[in-house]
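An overview of the molecular structure
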Amino acid sequence: MNRASLHFLLAALVAIALPLFMRSGTLASEVLIFAMAAAACNLLLGYTGLLSFGQGIFFGLGSYAAGLTLLHTSVPLALALVLSAITGAVVATGVGWLSIRRQGVYFVMLTLAFSQFFYFLAYTFKDITGGDNGLLNIPRPAIGPFSLGESWTYYAFVAVLFLLLFAALQRVASSTFGRTLLAVRDNEERARAIGFPVRNFKITAFAISGAVTGLAGALHALLIGVAPLSNIDYHMSESILIMTIIGGTGNLFASVLGAGFYVIVSDLLSSIWPRWLLLLGGLLIVVALFMQKGLWGLLERLVEALPMGRKSSINSSIEPPIQPESEGRGI
Amino acid sequence: MIYLFQLVNGIGLGMLYFLLAVGLSIIFGLLHFVNFAHGTFYLLGAYFVYDMTERGLNFWAALLVAPFIVAGLAALTESVLLRRIYHLPHTFHILVTVGLALMVQELVIILWGPVGGNVSTPGALSGVLMLGDFIYPQYRLFVIGLTLVLAIGLWWLLEGTRLGAVVRAGSESTDMVSLLGIDILRVNTAVFALGAGLAGLAGALAAPIRGVEPFMGVEALGIAFVVVVIGGMGSYTGALIAGLLVGIVQSIMTTLWPEGARLMIYLGMGLVILTMPRGLLGRA
C-alpha cells in the first residue's frame with residue numbers, strides 16, 4: 001500500500017471511529033470540519049511554505065456566504081455550499097495575490113493585517129453580517145431525500161464531504177502541481193530559475209486552500225445554526241494555524257490529528273477550566289522546542305520504536321527540512 | 001475646529017503607535033525575529049499602571065516603573081527562552097511568541113478579570129487647555145510632548161551612540177559584528193528589552209485614554225504590524241511617519257465615519273503594499 005492510500009485509510013478510520021468514541025455528534029462534526037480547514041492550511045504551510053494568518057478570513061466568509069444564501073433565498077443546500085467554496089476561493093485569490101508580493105515575515109504580517117481588515121469589514125457592515133451577534137437562525141435544509149436535522153446524520157454528511165475533500169487534497173498534493181509546490185517551498189529561487197511560474201503556483205495554492213476553508217466555514221455555520229463574528233476573527237486564523245502546526249506540516253493526515261487534538265482537548269479542558277488557553281500557549285512553546293514535527297512526528301517515533309517498526313512505509317519523504325533560517329528567505 | 005481637534009488627537013495617537021511599533025521594527029532589523037508577543041508588552045504596560053494606581057500608588061510613579069518592569073520581563077524571556085530559537089525558521093518564532101501571548105493574556109484574565117477597567121487621568125492633568133475656541137485635554141498634550149522627547153532621545157540613541165552603531169551594524173551583518181568582538185547576545189537582549197519597554201510605555205500612557213482590557217494586546221499587535229508594513233521593516237523614520245499617518249487617519253475618520261475608522265487603516269496598508277511593496281522607507 002502506498003503512503004497516500006495509507007493516509008486516506010487513516011482519515012477514513014478517524015471518520016468511522018469518532019461516532020464510536022464520542023457522545024456528541026456536534027463535537028465530532030466539529031473535529032472533521034476543522035480537520036478540513038487545517039488540511040487546507042497545511043497545503044499552504046507544509047507544501048508551499050506560506051504561513052498564512054488569513055485562514056480565518058476564508059472560514060468566516062464561507063460561514064457568511066452559506067448563512068446569507070440559506071437565510072435569504074431558497075436555493076438547495078449543495079448550491080449554498082458551492083457558493084461558500086467559491087467565495088473562499090475568490091477572496092483567497094485576492095488575498096494571496098496581494099500577500100505574496102512580499103516574502104517571509106512581511107508575508108505573514110500582510111496576511112494578519114488582511115485578517116484584521118476582513119474582521120472589521122464584517123464588524124462594520126452589521127446590516128449584512130449581524131455584527132457582534134452574528135447571523136442567527138441559519139436553517140439546515142435537507143440534502144436531496146436526506147434530512148440533516150439530527151446531529152449524527154449531519155455528522156455523516158460532514159464525514160462524506162471530509163473524505164471527498166481529503167482525497168481531493170491528496171490528489172492535488174501528489175500531482176505535478178503539488179510536487180512543484182514542494183520545490184517552491186524548499187528553494188523558491190531555484191524553482192523560479194528552472195522556469196516555474198512560482199507566483200501563479202502560489203496563488204493557485206491559495207485559491208484551493210480558500211475554497212476548502214470556505215466550505216469548512218459553511219459547514220460550521222450550518223452545524224451551530226449561526227455565522228458568528230468569531231468565525232472571521234484573529235483567533236480563528238490563529239486556531240486553524242495552531243491545529244496545523246500541532247499536527248505537523250509534513251502530510252495532510254497530520255492536520256486531521258492536529259484538529260482532532262485541538263477540538264477535543266479544548267472541549268474537555270474548557271469545561272473544567274475556562275483559562276485552559278494558558279496551557280495551550282505552553283504547549284505551543286513545547287511543540288516549537290521539542291516536537292517540531294508535531295503530533296505526526298511523535299507518532300512516527302512511536303511506530304519506529306515498536307519492535308516490528310515499519311520504518312519505510314510510514315516515514316514521510318516530504319517533511320519540511322528544519323534548517324537554520326537564512327537571511328531574507330521565505331518561511 | 002473639529003478637524004483640528006481630531007488632527008491633534010491623531011498626532012497623539014500616532015506617537016503612541018510609533019512607540020508601540022518602533023521596537024518591533026528594530027528587533028526585526030537586528031534579530032530577524034518576528035515577535036507575535038509584541039502586543040503583550042503593550043498589554044502588560046497598561047495593566048501594570050492599572051494595578052498600581054488601583055493599589056493607590058501615584059500615577060506618575062506607576063508610569064515610571066511599569067515600562068521598566070515590562071523591559072525586565074522581556075529581557076528575562078529573551079535570555080531564557082527566545083535566544084534558543086533564533087536559529088529556527090520563522091514558523092517556530094511565531095509559534096513560541098503566539099504561545100507566550102496566549103499565556104500572558106490568560107494570566108491577565110486570571111489576575112485582573114475578563115472585563116478590564118479604567119485608569120483615571122492624573123489630577124494635575126485632568127483639565128483642559130483653552131486657546132480661544134480650541135479646547136484640548138491636558139493629558140493628551142502631555143502624551144504628545146513626552147513621546148516627542150522620547151522619539152528624539154531614541155533617535156539619538158540609534159544614531160549618536162555606540163550602542164546605536166552596533167545595532168545598525170548588527171542589522172547589516174550579525175556575524176561580522178560578533179567577529180569584531182562585540183557580545184552580540186547582550187546587545188540583542190538590551191535591544192529586545194528596549195523595544196518591549198517602549199511598547200509597555202505606550203500601553204501605560206494609553207491606559208488613562210482608552211482603559212484596559214485583556215484583548216488590547218491583540219489589537220495593538222495588528223496596529224504595530226500595519227505601522228511596520230507601511231513604514232518599512234527596520235526603519236526608525238518609517239515607523240515614525242507611518243505611526244503618525246495611521247494615528248491621524250484613524251482620528252479624522254472617527255469624525256467622518258466612526259465605524260469605518262479601523263477599516264481604513266487596513267485598507268491604507270493594502271494600498272501602500274500595492275504601490276510601494278517595501279513600505280515608505282524600508283530596505284530590501
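As the structure is a computational prediction, the values presented were derived from the model and not from experiment. (Residues numbered from 1 in each chain as written. Chains lettered and ligands numbered in written order. Predicted model: local features only at pLDDT ≥ 70, side-chain atom pairs only at ≥ 80, totals over all residues.)

Focus: the overall build of chain A
Summing up its helical and strand segments, chain A has 15 helices and zero strands in all. Rg of the C-alpha trace for chain A: 19 Å, near the compact-globule value of 20 Å for 331 residues, within the 12% margin. By its C-alpha atoms, chain A is 50 × 45 × 40 Å across when sized along the principal axes. Relative to its 331 residues, chain A shows a buried fraction of 51%. (Helix = DSSP H or I, 4+ residues; strand = E, 2+ residues; numbered from the N terminus. Rg over C-alpha atoms; globule rule 2.2 N^0.38 Å. Buried ≥ 20, exposed ≤ 12 C-beta atoms within 10 Å, placed from the backbone.)

Looking at the overall build of chain B
Within chain B one finds 11 helices and two strands. Taken from N to C terminus, the helices and strands of chain B fall in the order α-α-α-α-β-β-α-α-α-α-α-α-α. Whereas a compact globule of 284 residues would reach a radius of gyration of roughly 19 Å, chain B reaches 19 Å, a difference of no more than 12%. The principal-axis extent of the C-alpha atoms belonging to chain B is close to 60 × 45 × 35 Å. Counting all 284 residues of chain B, 52% fall into the buried class. Excluding contacts between residues fewer than 6 apart, the proportion of contacts in chain B whose partners are at least 24 apart in sequence is 77%. (Contact = placed C-beta atoms within 7 Å.)

A short note on the packing of helix α13 (residues 277-290) of chain A against helix α4 (residues 90-112) of chain B
Orientation of α13 of chain A relative to α4 of chain B, taken along the N-to-C sense of each, is 160°, at an axis distance of 7 Å. Regarding the angle of α13 of chain A to α4 of chain B, the classification is roughly antiparallel. α4 of chain B is crossed by α13 of chain A, and the crossing has left-handed handedness. Side by side, α13 of chain A and α4 of chain B meet where Leu277, Leu278, Leu280, Gly281, Gly282, Leu284, Ile285, Val287 and Ala288 of chain A of the first sit next to Phe92, Leu95, Val96, Val98, Gly99, Leu100, Leu102, Met103, Glu106 and Leu107 of chain B of the second. Broken down by class, the residue content of the contact of α13 of chain A with α4 of chain B amounts to 15 nonpolar, three polar and one charged. (Axes fitted to C-alpha atoms, helices over the stretch in contact; angles between N-to-C directions. Parallel < 35°, antiparallel > 145°, perpendicular 65-115°, else oblique. Left-handed = near helix turned anticlockwise from the far one by under 90°. Nonpolar A, V, L, I, M, F, W, Y, C, P; charged D, E, K, R; others polar.)

Quick word on the pairing of strand β1 (residues 128-131) of chain B
Residues in a regular strand point their side chains to alternate faces of the sheet. Residues and elements named next belong to chain B. Of the pairings in the sheet, the one linking β1 to strand β2 (residues 134-137) comprises four bridges and is antiparallel in character. Each residue of the ladder has a partner; that of Leu131, found in β2, is Phe134. From the end of β1 to the start of β2, which pair antiparallel, there are two residues, and Gly132 there has a positive phi angle of about 65°. (Pairing = 2+ DSSP bridges.)

Let's talk about helix α5 (residues 138-160) of chain B
All names here are of chain B. If you check α5, its first and last C-alpha atoms are 32 Å apart, about what 23 residues at 1.5 Å a residue would give, namely 33 Å. When α5 is considered as a whole, its buried residues turn out to be Arg140, Val143, Thr147 and Leu154. Looking at the packing, one finds that the buried side of α5 touches α1 (2-31), β2 and α8 (184-210). (Expected span 1.5 Å × (residues − 1).)

Considering the interface of chain A and chain B
If you look at the interface, chain A gives 36 residues, while chain B gives 40 residues. For the side of chain A that touches chain B, the leading source of residues is helix α5 (residues 104-124) of chain A, giving 13 residues. Of the residues belonging to the side of chain A that touches chain B, the class tally is 24 nonpolar, six polar and six charged.

What about the confidence of the model for chain A?
Residues and elements named next belong to chain A. Of the residues in chain A, 92% have a pLDDT of 70 or more, and the chain-wide mean is 88. Taken element by element, the predicted model of chain A shows its lowest mean pLDDT in helix α15 (residues 311-314) (48) and its highest in helix α3 (residues 55-72) (96). Low pLDDT (under 50) marks residues 311-317, which in the prediction has seven contacts with non-local residues, meaning those over four places away or in another chain. Overall, residues 324-331 carries pLDDT values under 50, and its contacts beyond four positions in sequence, including any with other chains, amount to 20 contacts. (pLDDT = per-residue confidence, 0-100.)

Here's the deal with the environment of Arg83 of chain B
Turning to its location among the elements, Arg83 of chain B is positioned in the loop between α3 (59-80) and α4. Beyond its immediate stretch of four places on either side in the chain, Arg83 of chain B contacts Glu78 and Leu185 of chain B.

Comments concerning the confidence of the model for chain B
Counting all residues, the mean pLDDT for chain B is 87, and 99% of those residues have values of 70 or more. Scored as a complex, the prediction yields pTM 0.86 and ipTM 0.86.

Here we look at the packing of α1 of chain B against α8 of chain B
Residues and elements named next belong to chain B. Between α1 and α8, whose axes approach to 8 Å, the crossing angle comes to 165°. In terms of orientation, α1 lies roughly antiparallel with respect to α8. For the pair α1 and α8, the sense of crossing is left-handed. For the pair α1 and α8, the contacting residues are Leu16, Leu19, Leu20, Val22, Gly23, Leu24, Ile26, Ile27, Leu30 and Leu31 in the first and Asn188, Val191, Phe192, Leu194, Gly195, Ala196, Leu198, Ala199, Leu201, Ala202, Leu205 and Ala206 in the second. In the contact of α1 with α8, the residues fall into 19 nonpolar, three polar and no charged.

A closer look at unusual backbone geometry
If you check the backbone angles, Asn137 of chain A has positive phi at about 55° while not being a glycine. Tracing the backbone through its elements, the reader meets Asn137 of chain A in the loop between α6 (126-129) and α7 (151-174).

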